[in-house]
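Breakdown of the fold
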Amino acid sequence: MISIITILFIAFSSNSIIINSTNTSQADNNNNNNNNNNFTMSCNISIIACLNDIPHPEKKEDHKIQTDLILEQVSSTRLKEYIDTLSSFHTRHTKSHHIEKAANWLKSEFENICKGIVFFHNYTQSDQNQTFHLKNIICSKQGLASSSQSNYNNNNNTIVIGAHYDSRSKNINNTDARAPGADDNASGVSALLELSRILSHLNLKYNLQFVLFSGEEQGQWGSKNYSRYLNNSNLNSTIDLYINLDMVGYSSPNESNKVILEYDVGNKYLQNDEYSKTIALFIKQTASSYTNLEAILSKLGNSDFIPFEALGHAVIGIHDGGSENNPHYHKSSDTPDTLNIKYLTSITKMVLATILELDKLSHY
Ligand SMILES: [Zn+2]
């Protein structure tokens with residue numbers, strides 16, 4: 001069931017973005033009403049800025065300074081260290097014994113840096129007459145909107161940020177081959193760890209979930225199982241947005257400031273498409289306000305956002321051009337020295353600024 005946005009009103013004015021939205025049932029009920037009614041009604045729902053909430057120019061400037069200060073906390077040194085450690089596992093192939101060690105390292109790292117509830121989501125996956133006992137790793141941070149003293153009563157208030165931590169070599173059945181997976185996807189994991197370190201210590205309205213998946217290379221095993229778990233535990237309806245980081249550290253020599261923002265067109269649900277595109281445009285604008293990145297919009301490819309989209313959620317994929325851009329894709333040469341840490345730092349800042357801006361606009 002779709003719990004989130006299907007009708008959008010978007011306006012770009014100077015540096016302001018206004019997003020207006022409502023959910024499916026209300027949209028259906030209000031089809032005959034005029035837009036103004038929809039607009040007013042939906043100001044209580046989801047990621048919204050109402051017309052009368054456009055910040056004062058001075059306030060906007062203050063806000064930008066605050067955001068810039070938080071962005072300065074992103075550490076290139078840490079990002080590089082995370083990538084070096086993850087790439088030092090011989091492989092992170094999901095069917096190898098190394099995957100368990102990588103999962104344990106990631107959980108202890110979350111426990112060190114992420115102020116939230118850290119846990120394994122254990123799942124069992126059968127494949128080719130074999131059974132695999134695997135782990136996703138989560139740090140879950142509650143927002144102000146969900147706290148008991150809150151005056152807010154809306155349920156749609158979680159942003160999930162995901163990245164897969166498994167790797168593979170060219171031959172996916174070769175579980176012993178060296179597969180450092182620096183770009184694919186130690187880069188996404190390191191950005192996610194750094195985001196969790198900074199965001200989990202801030203007072204935000206949104207709940208945030210930082211999720212690291214195994215089994216992506218085998219067909220999104222981890223994200224399929226985790227989204228199913230959310231669905232079964234009634235947590236599904238609280239998700240406002242899923243952001244996926246898969247390959248965010250490799251930049252072509254002549255296009256070192258390009259980043260791809262994948263948005264949803266079609267796939268399983270049509271109702272979440274417009275919201276996905278609006279968020280992509282919002283991120284593009286955030287990228288130009290806060291970083292040197294030039295964001296290019298593209299349709300969803302194939303990664304861990306697919307299971308979330310299939311449950312009706314709005315999803316965004318962020319990557320560096322991925323398999324088409326990186327000549328080391330799924331090779332033993334996908335090593336840390338081929339990455340551009342400055343570029344990875346910019347992408348991490350872009351996602352950080354996006355979440356801070358969305359949190360500021362939200363009416364929870
Ligand atoms: Zn990947």
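Residues numbered from 1 in each chain as written. Predicted model: local features only at pLDDT ≥ 70, side-chain atom pairs only at ≥ 80, totals over all residues.

1. Remarks on the pairing of strand E6 (residues 207-213)
The condition that has to hold: Between the buried cut of 20 or more and the exposed cut of 12 or fewer other C-beta atoms within 10 Å of a residue's own C-beta lies the partly exposed class, and all C-beta atoms are placed from the backbone. Under the DSSP-based scheme used, a helix requires at least four consecutive residues in state H or I and a strand at least two consecutive residues in state E, with every element numbered from the N terminus. One requirement defines pairing of two strands: DSSP has to find at least two bridges between them. A clockwise path from the first strand over the helix to the second, with the strands pointing away from the viewer, defines a right-handed crossover.
E6 sits mainly inside the fold: seven of its seven residues count as buried. Residues of E6 alternate between two faces, with Asn-207, Gln-209, Val-211 and Phe-213 on one and Leu-208, Phe-210 and Leu-212 on the opposite face, all of them buried. With five bridges joining them, strand E4 (residues 130-141) and E6 adopt antiparallel strand pairing. Within E6, the position partnered with Cys-139 by the bridge is Phe-210. Handedness of the crossover joining strand E5 (residues 158-164) and E6 through helix H6 (residues 182-199): right-handed.

2. Some points on the environment of Asn-292
Using the following cut-off: The contact criterion used here is simple: two residues whose C-beta atoms, placed from the backbone, lie within 7 Å are in contact.
Following the sequence through the fold, Asn-292 ends up in the loop between helix H8 (273-290) and strand E9 (294-299). Overall, Asn-292 belongs to the partly exposed group, with 13 C-beta atoms counted inside 10 Å. Expressed as a C-alpha distance, the spacing of Asn-292 and Ser-346, which sit 54 residues apart in the sequence, is 7.4 Å. Excluding anything up to four places from it in sequence, Asn-292 contacts Asn-257 and Ser-346.

3. Remarks on the confidence of the model for the chain
For clarity, the threshold we go by: Residue-level confidence of the predictor, termed pLDDT, takes values from 0 up to 100.
The predicted model of the chain has a mean per-residue pLDDT of 83, with 80% of residues at 70 or higher. Long-range and interchain partners of residues 1-54, a stretch whose pLDDT sits below 50, account for 90 contacts in this model, where long-range means more than four residues apart. Low pLDDT, under 50, characterises residues 149-154; the predicted model gives this stretch seven contacts beyond four residues in sequence or across chains.

4. Quick notes on the packing of H8 against helix H11 (residues 341-361)
Helix packing for two helices is described by the angle between their axes and how far apart those axes are. Counted only if it meets this: Only the contacting stretch of a helix is used when fitting its axis, a line to C-alpha atoms as for every element, and angles between N-to-C directions run 0 to 180 degrees. For this classification, under 35 degrees means roughly parallel, over 145 means roughly antiparallel, 65 to 115 means roughly perpendicular, and everything else is oblique. Working rule for handedness: look at the near helix, and if it is turned counterclockwise from the far one by less than a right angle, call the crossing left-handed; if clockwise, right-handed. Residue type decides the class: Asp, Glu, Lys and Arg count as charged, Ala, Val, Leu, Ile, Met, Phe, Trp, Tyr, Cys and Pro as nonpolar, and the leftover types, Gly among them, as polar.
Remark: H8 packs on H11, axes separated minimally by 9 Å, with the N-to-C direction vectors making an angle of 115 degrees. On the basis of their axis angle, the class for H8 and H11 is roughly perpendicular. Two packed elements cross with a definite hand, and for H8 against H11 that hand is right-handed. For the pair formed by H8 and H11, the contact residues are Ile-283, Thr-286, Ala-287 and Tyr-290 on the first element and Lys-349, Met-350, Ala-353, Thr-354 and Glu-357 on the second. Grouping the constituent residues of the contact of H8 with H11 by class yields five nonpolar, two polar and two charged.

5. Things to note about the nonpolar core
Here is the rule we go by: Nonpolar core, as used here: buried Ala, Val, Leu, Ile, Met, Phe, Trp, Tyr and Cys residues forming one set through C-beta atoms within 7 Å.
In terms of nonpolar packing, the biggest core is built from 80 residues, with Leu-192 and Ile-347 touching the most fellow members. The greatest single-element share of this core, amounting to eleven residues, is contributed by H11.

6. As for the sheet that holds strand E8 (residues 258-263)
As summarised here, the arrangement of the eight strands in space is E3-E4-E6-E5-E7-E10-E8-E9, forming an open sheet in which the pairing is mixed. The sheet is open, and its two borders are formed by strand E3 (117-127) and E9, each paired with just one other strand. Within the sheet, the average angular offset between the axes of one strand and its neighbour, ignoring direction, is 25 degrees. Across the face of the sheet, helix H5 (residues 98-113) comes into contact with E3, E4 and E6 while running at roughly 10 degrees to E4.

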